[in-house]
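# Chain and residue survey
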Amino acid sequence: MRHLVVEACIARKLIDTSAYLWPGYVSASVVSVKDSVPLQESSWSTFMKGAELTVPLINALRATPASSLLELERLYHIALNGSEEEKSAAGKILCGASLVRGWNIQEHVVHLVVKLLSPPAPPDFSGPGSYLVSHMSILSAILFGLSSVDTVHILCLYGMVPGVAAALVPLCEAFGSILPTSHHQSTSDNEPSSYLIFSCAFLFLLRLWKFYRPPLEHGMSVRAGLTCIEQNLEYLLLLHNNQVALHSAIATDRNNEDMMPPNTSFAQPLYIESFPKLRSWYSQNQACIASTLSGVSSGNPVHQVANKILNMIYWKMTKGDNVSSSMSGSTESSCEEAYQRPVLPGWEVLEALPLVLEAVLAACAYGRLSSRDLITGLRDLIDFLPASLATIISYFSAEITRGIWKPVLMNGTDWPSPAAYLPSIESEIKEILASVGVDVPNCYAGGTAPVMLPLPMAVLVSLTITFKLDKRLEYIHAVAGSAMENCAMGCPWSSMPIIGALWAQKVRRWHDFIVISCSRSPFRRDPEATSQLMRSCFTSFLGSPHASTSMLETSGRGVNGLLGWAISSGGIRLPIAPGFFYLRTCRTIPDTHYIDSVVLRLVSEWTHGLGSGWACGLSARLMQGRTSLASAAAGVKETATLGASLICIAGGIPLVQVLYEETMPTWLMSRQVYTNPGPGPTALILEGYAMAYLMILSGAFIWGLGGFTAMNLPMHLRQARAFHRHVEFMVAALEGSVSLGCDPVTWKAYVSCFVGLLVGFMPAWIVEVKPEMLKRLAAELRGWHECELALALLERGGQSVMASAVELIL
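Let me begin by describing the structure that accompanies this report. Given the structure is predicted, the values throughout are model-derived calculations rather than measurements. (Residues numbered from 1 in each chain as written. Predicted model: local features only at pLDDT ≥ 70, side-chain atom pairs only at ≥ 80, totals over all residues. Heavy atoms only, no water.)

On to a negative patch on the surface, then. A surface patch of like charges, here negative, comprises Glu52, Glu84, Glu85 and Glu86. Mapping Glu85 onto the fold places it in helix 5 (residues 84-94). (Patch = residues over 30% accessible without salt bridge, like charges linked within 9 Å, V, L, I, M, F, W, Y side chains within 5 Å. Areas by Shrake-Rupley, 256 points an atom, 1.4 Å probe, with all protein chains shown as cover. Salt bridge = Lys/Arg side-chain N within 4 Å of Asp/Glu carboxyl O. Lys, Arg positive; Asp, Glu negative; His and termini not counted. Charge placed at Lys NZ, Arg CZ, Asp CG, Glu CD. Helix = DSSP H or I, 4+ residues; strand = E, 2+ residues; numbered from the N terminus.)

The next point concerns a nonpolar patch on the surface. A grouping of Val559, Leu563 and Leu583 is seen on the molecular surface, where their side chains present a nonpolar patch of about 250 Å² in accessible area. Here Leu583 shows up in helix 28 (residues 578-585). Accessibility expressed as a relative area gives 42% for Leu583, which makes it partly exposed. (Buried < 20%, exposed > 50% of the residue type's maximum accessible area, 1.4 Å probe, protein only.)

What follows concerns unusual backbone geometry. Of note in the backbone geometry, His785 takes a positive phi value of approximately 65° without being a glycine. As for its placement among the helices and strands, His785 is situated in the loop between helix 35 (771-783) and helix 36 (787-795).

Going through the model one piece at a time under the given rule, you end up with 17 aromatic pairs. Taking 5.3 Å as the distance between ring centres and 65° as the angle between the ring planes, the aromatic pair formed by Phe723 and Trp765 counts as edge-to-face. Of this pair, Phe723 sits in helix 32 (residues 714-734) while Trp765 sits in helix 34 (residues 763-768), placing them 42 residues apart in sequence. Among the residues examined, Phe723 registers a relative accessible area of 1% and is labelled buried. By relative accessible area, Trp765 is classed as buried at 0%. An aromatic cluster is present here, built from Phe198, Phe202, Trp281 and Trp347 joined pairwise through their rings. The ring of Phe47 carries Arg74 above its face, with NZ or CZ at 4.5 Å from the centroid. (Phe/Tyr/Trp six-rings, centres within 6.5 Å; stacked < 30°, edge-to-face > 60°. Lys NZ or Arg CZ within 6 Å of the ring centre and 35° of its normal.)

The next subject is the nonpolar core. In a soluble, globular protein the nonpolar side chains are often hidden away together inside. Formed by 233 residues in total, the largest nonpolar core has its most connected members in Leu168, Phe202, Ile309, Tyr750 and Phe754. For this core, the element with the most residues is helix 30 (residues 622-669), which contributes 16 residues. Apart from residues no more than four positions distant in its own chain, Tyr750 is found in contact with Met664, Leu668, Gly688, Met691, Ala692, Met695 and His726. (Core = buried A, V, L, I, M, F, W, Y, C linked by side-chain atoms within 4.5 Å. Contact = heavy atoms within 4.5 Å.)

And the structure:
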């Protein structure tokens, strides 16, 4: 890490290499010419001298990160002004090692790549059509370069997902509206076409807003006035518009010109209503998720397009062709096959696909269409327009959720059989769950029971295992794999081990990844499994709830016990760290509201253990008691930190809002049931402190330390409301308007610690509270003889409560 920091500073000319040396590094300026050994000239040096971009040089530049911004700027100039071949080569080089491994210049590469997704319009362009068509070469190279899994993580790291989504929306609108000039369609990144660019941009956009999540999550009822807007396209555009507004505010402030991020492309605010084709598909997709298709008259234009697509599919079936297309490695197509493919804009094809899928799935269910012909037809459809995969996933996942289709037997004749791998997959899943402390009996259907899947799920998995594992098709695999996993987890049948067995026998090198993914399926259906996993996280991080020593004094615990020492590259190594498994699992839980209650219960249990341990230490010797009390106080913070982390990771903003508005008030009003003997006064005090730390840390992790009104997004208004409601609840309870069920000692410790943390670390939050509410809270604290705390609260409440602060002093 030290070397990376130094190299980044050298690249930005912040330090002089002659003044900072380390073993293995010597500046070129201090090497004598006569003593130096002749070295082969680097590929980047050759490029900067004006060499032609030949295939060997392109491959060398893609494999080696750039070393300076000048090299990147020259590439960017070529990507905009070079020939078609040079534009494509420049895009591939930028998305190569410079993006993935260019630690010094990665930030600049990310911004340049995003800018290239929105090339400038020619000054003399007047239409018709879109000027983006003239940039097909560079757009194709950039889109394929960004489609890898690693690249998406890099975009997330630099906060560029909203900007990328905003750049993809116009691409989808433009290229999806173009009428292809030929029947021949290409799925090779070397031969860009309107269908290819539309499909790659469209599927990439779907990945960014988690399109592949099951319809059950999109249709979840609103709870406590909260909606998970993170899961839709409008949210990404809203984030982009917020970034545009922020950049405009910085740009207008001349004093902050140096604070502007380098090489950043900020466009105008975007709204989905400005793109009618995308908006129409978006509405249709939501309608298909919500209900089954309604009858469409045969004279409808959409129905006519659906008939053309069905004719294309059934023509391929009647010819008796095997599945041999570009998806399986072949890009050749006969003139007769090309003639049978309709020439339609991409958006029109997607609009008619639900009718096509309904027809072929019903025909298969009633025996009029064999499973082999169905899969062949769907494969030909994806070869024709890869973006069709989005509608296929949406339609089948909706039908899986509805549960109206009968299961089919995975017998190896009509449908592929997982029998060869299923027993070993199930055994490994149970071992992994046992290693993280989870016991889920009878979770999987094994033994002699027939292996069955619901028809839409069988179609989806059979379709995906026919895809060729080609680097060029990663933009398809990234969507199909995630969607299939999420659909299987939401399926009423125990289908994930079956799907894992089918994929494990297809790609053996993915065995460990598949088994880990299958092990997450019980947590979607069984809240008790999640509770057991969270208890294991507490035990691995803090030790036994009844231990008297701090986590820091016990080997094998802490962060290493929670997350593990390392990730093995030689296969699954048991036992797996519970925290690591929780990170891989928590985002797959459909309804996370119960996690708040589980965390409160676990925090209470561990703080009682800390209080009991301190009491035992106090009876022996005074000095030992003081030491144990310090350890108990540190343990309280550790416990609250872990609990807040588990909440924020699993549910984010909505879950923290529920914690403030519902879960914590309910816990305080409920009568706590303790074992006999119950906790002593010390344990009750520590419990109150732990709950206060949990609340403050959860809010700080999600909302930050600043004020709420400074943020202009609607979700931040709901965050402010959640905090205000909790303060109102505290005041009402202090005034006696609300009856509490918790012990008075716990309640007093909770209020004192909560307000103390606000005063000490969150003064911006206090300003947001209504002045009348602050005055009432300070008055109740004074009644507890907490005059200094009440005065500190009013001092940070602003001018509106200054008079009350003066009165308190007098």
